[in-house]
Amino acid sequence: MKKISICLLFSVIILISGTVAAQQAKAGFIKGRVIDAEGKAIPWVQIVDAKTASGATTDLEGRYLLKVTQNQYVDLIFEHLTYQRYSTSIEVSDSVTTIPDVVLMHNNQSLGEVEIIAVSIKENPLNSYTIDKEQIEERNINDPGNLMSLIPNVATVKKSPNVGDPVVRGLKYSQLNVQLNAAAKIEGACPNRMDPVTAHIDPDDIRNIRIYKGPYALKYGVNFGGIIKIQTFQPEFTKTYKSHLRLITGMQSNHEGLRGGLKISGSNSWLSYQLTGNYKKYGDYKAGNGDVIQAGMEKQNMGVALGFKAHEKHIVSVYYDQSNGKNIDFPALPMDERNDLTRIAGLNYIITNITPTLTQLKARAWYTDVDHEMDNKNRPFSDTVVAVSKLNTHNTGAKLGALLKVGKLNFDVGADYESVFKTGDRNKNLIMQPMLPVISESLWDNARINNLGIHVEAIIPSRKADWVLAARVDVNQAESDPIFQYKTSDGKVMETDTKSQFTNFSYSASMVYHLNDKNDLFVSLGSGTRSPDMTERFVSLLPIAYDNFDYLGNPKLKPETNTEFDLGYRLKQSRWMSLEANVFFSYLTNTIVGTMENLPPNINPRTKGVFGVKRFENSSPVYLTGFELSLASPAHYNLQVLLNASYTYGMAPESFEYVIKNNSVDEVLEIQNDALAEIPPLEMNMKVSYKFLQQRLEPSLSLRVVAAQHHISKSYVEQETPGFALLNMGLKYLYNSNLSVYAGINNLFDQLYYEHLNRRILGSKSPLYEPGRLFYVNVIIKF
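Please read all numbers here as calculations on a predicted model, not as lab measurements.

### Section: the pairing of strand β11 (residues 163–168)
Inference 1: Of all six residues in β11, six are buried; the element is thus mostly enclosed.
Inference 2: In β11, alternate side chains face the same way, and those of V163, D165 and V167 on one face and G164, P166 and V168 on the other are all buried.
Inference 3: Relative to β11, strand β10 (residues 154–160) runs antiparallel, the two being bridged by six bridges. Across the sheet, A155 pairs through a bridge with V167, a residue of β11.
Inference 4: As consecutive antiparallel partners, β10 and β11 are separated by two residues.
Inference 5: Bridge count between β11 and strand β12 (residues 171–172): two bridges; the pairing is antiparallel. Counted as the bridge partner of V168 is L171 from β12.
Inference 6: Here β11 folds back onto β12, and the loop between the two strands holds two residues, one of which, R169, carries a positive phi near 55 degrees.

Below, the structure is given as structure tokens:
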């Protein structure tokens, strides 16, 4: 009854929102022109209303028309890639207010990862979503992976309440390319992905997250199913010295804990710097039925970043970040994380305005290192066997690129190189047999993967249609020391032929067609190919997937390919709303899956209690299809209504079903049209808020409705999950420019629920339940 009442309430709110919103304020317009110091028009300048985030872009004559609210002051920000940022305050008293020409001066400020698309075409044809700093501050999130669920068709696999591993349109793990500060890659050490990339980054350090869905954005690296770009530092320079201090502190009930963070930053005409430090500690929590879920964790990190404007056209930036995780519970895995020490170092060098044709050169390099320790000391069976794993990985790489302008065409060309290395052992101490020696097992046998890629991207603007065409070639090499397969009476059988090399080709074409100033159609077609990852090639009898099997790597796997098509419609900010809708279809070939086919003879599982052994193999094609829909009321209204919905459907036309009896595989059946595993169900989100006190106070209600998932994989022995509906309350109070308070109640009605992608608690049939009712408050102080 509660769920029905909630849905009725929000339906009424949607029906009246347009009428109420129209009464909030009388609309007006600001129009003008933007020129340079020589009086020449500057096209593609971004003009943003700082209070509402609504914006406009100058046309080829430098002119713009921006919709605002009458009878108030509007703070405008003018931004362009090659000009100095400019801001001004304008009083809007008439229906149309014309302001004098704005003159922008050449300046190379803020040259982190600048999208050439933003200044060369009217609208980005690539399907991308951005989570900005304000959205991050509003959320009570302790992990970047969980933060990404704000975006339609993005979910997370959870084996711990504190760590979310992103899933985009049903694709996950190495099918996604996650990178930091436009380049740096982090390789997790744990075979069970206890430490995905997002687990090494503190959400309080993040400036923004941008996700490109599909295999279309090829200039950022190997792209099979999507790119996730996380930005923590971007140098900014000012004419005079300025310094800033940011403090954040917060606490919450249920999953009791606290958080604290400090950021010191400053800049002048040639130097930009940033110092950060964060600390988080949380305990267990209670689910909606009162069950206690192990969720303890402690994390701390520190970072330093520097930017230098060595010359008007040259900017160098360096950064270093170190994070340390301790005693992080993973109730769905055989072990918990005891210690994790991650070091991230990077260097970026950018030269701009070199010649009229060569507009930018960029060079980036990085080194990341992960020391990871995990054990089973908090598991019931640790009184007989204590297992401790110590692993190390490092990722080294570099990127070189150039931006070229030939007439109206823009090109991004470049090369990138990445080298990944993993090593580590698991030591078992038999408590009941103290006279026996400690058993040592290799988890990673000095495994290495190197990838060299080159890319070219062409940006073709026109009055009615803008195109982005891209292609890349990757040469991938991999090898490892001999990996364990199984034991015989004569000893161990090892896989010695571990070397492989592939040359992969990827391509994409994206287009946005401008029906008029408010309506766009966009279409993309691309094919992304990736080589097998470290786990798929070299893992040695570990239970790493959803199903209860030990997995064996296959060094002779072939690359898999995703050919994807997107078709969408975009209604830009109108009087009533903005809207974006799209459908997609993905066709995967040489799909890498776990199967009991082609197993080595006499192989047995190494892990107690699993059903058997699967080996990674290339399988027959599979497909995914789905949709995404987003609506938003105009940003300048006090009443805000946001709505999104998404769905992904995955199918394997040919597969196998494993019939389990007495905890082992009794029969293997060939089946047709099996569901793909770990695909999130249909989901709808709605948020309604209202701005009071000159937009300084904003309470909100959020409704999240998730359907049951009955389309499950028989091949992976997947379980159905029930649907649920959640209501959350939030409150944002901007006391002044120095003090902000964010508070709220999550899971207001204390529902018992869990996500379809949550793994089950080890040794039981119980799912990993999400927290029950939770109160939180976060305070941010800025100077």
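### Quick look at the nonpolar core
Considering soluble globular proteins, one finds that nonpolar side chains tend to be buried as a cluster.
Inference 1: One finds I209, I228 and I230 to be the most contacted residues of the largest nonpolar core, which totals 71 residues.
Inference 2: Top contributing element to this core by residue count: strand β27 (residues 439–460), with four residues.
Inference 3: Excluding its chain neighbours within four sequence positions, the residues that come into contact with I228 are M148, P166, V168, L176, N177, V178, Q179, I209, R210 and I211.
Inference 4: Counting residues in each nonpolar core, the second largest holds 18 residues, with I47, A56, L66 and F78 among its members.

### Brief notes about the sheet that holds strand β38 (residues 613–619)
Inference 1: If you walk across this open sheet you meet the four strands as β33-β34-β38-β37, and the pairing is mixed. For this open sheet the edge positions go to β33 (540–542) and β37 (591–595), each flanked by a neighbour on one side alone. When strand polarity is set aside, the average angle formed by the axes of neighbouring strands in this sheet is 30 degrees.
Inference 2: Bridge count for strand β34 (residues 550–552) against β38 is three bridges, and the pairing is parallel. In the sheet register, D550 faces β38, and the bridge partner there is V613.

### Focus: the sheet that holds strand β14 (residues 208–213)
Inference 1: One open sheet accounts for four strands, arranged β9-β14-β15-β13; its pairing is mixed. In this open sheet, the two strands that pair with only one neighbour each are β9 (128–131) and β13 (177–180). Across the sheet, the axes of successive neighbouring strands diverge by a mean angle of 15 degrees, strand direction being ignored.

### Section: empty space enclosed by the protein
Inference 1: In total, this model carries 11 cavities of 30 Å³ or more according to the counting rule given.
Inference 2: One number sums up the size of the largest cavity: a volume of about 200 Å³.
Inference 3: Lining the largest cavity are 22 residues, and of these A199, H200, I201, K299 and S323 lie nearest its centre.
Inference 4: Within the residue set of the lining of the largest cavity, elements represented by two or more residues are β21 (297–311), β22 (314–328) and β23 (336–352).
Inference 5: Considering each element in turn, the lining of the largest cavity owes the most residues, five residues, to β22.
Inference 6: By residue class, the composition of the lining of the largest cavity is seven nonpolar, eight polar and seven charged.

### As for the domain arrangement of the protein chain
Inference 1: Taken domain by domain, the protein chain consists of domain 1 (1–106) and domain 2 (210–782).
Inference 2: Of note, the centres of domain 1 and domain 2, computed from C-alpha atoms alone, are 34 Å apart.

### Side note on a nonpolar patch on the surface
Inference 1: Residues L525, F565, L567, V583, F585 and Y587 make up a contiguous nonpolar surface patch of about 520 Å² in total accessible area.
Inference 2: Going through the elements one at a time, β35 (560–571) and β36 (578–589) are the ones with two or more residues in the nonpolar patch.
Inference 3: Considering each element in turn, the nonpolar patch owes the most residues, three residues, to β36.

Definitions and limits used
Residues numbered from 1 in each chain as written. Predicted model: local features only at pLDDT ≥ 70, side-chain atom pairs only at ≥ 80, totals over all residues. Heavy atoms only, no water. Buried < 20%, exposed > 50% of the residue type's maximum accessible area, 1.4 Å probe, protein only. Helix = DSSP H or I, 4+ residues; strand = E, 2+ residues; numbered from the N terminus. Pairing = 2+ DSSP bridges. Core = buried A, V, L, I, M, F, W, Y, C linked by side-chain atoms within 4.5 Å. Contact = heavy atoms within 4.5 Å. Axes fitted to C-alpha atoms, helices over the stretch in contact; angles between N-to-C directions. 1 Å grid on protein atoms, 1.4 Å probe; cavity = no way out; pocket = protein on both sides within 12 Å on 5 of 7 lines; lining within 4 Å. Points joined across faces, edges and corners; volume = space filled by probe spheres on them. Nonpolar A, V, L, I, M, F, W, Y, C, P; charged D, E, K, R; others polar. Domains from an automatic or database assignment. Patch = residues over 30% accessible without salt bridge, like charges linked within 9 Å, V, L, I, M, F, W, Y side chains within 5 Å. Areas by Shrake-Rupley, 256 points an atom, 1.4 Å probe, with all protein chains shown as cover. Salt bridge = Lys/Arg side-chain N within 4 Å of Asp/Glu carboxyl O.

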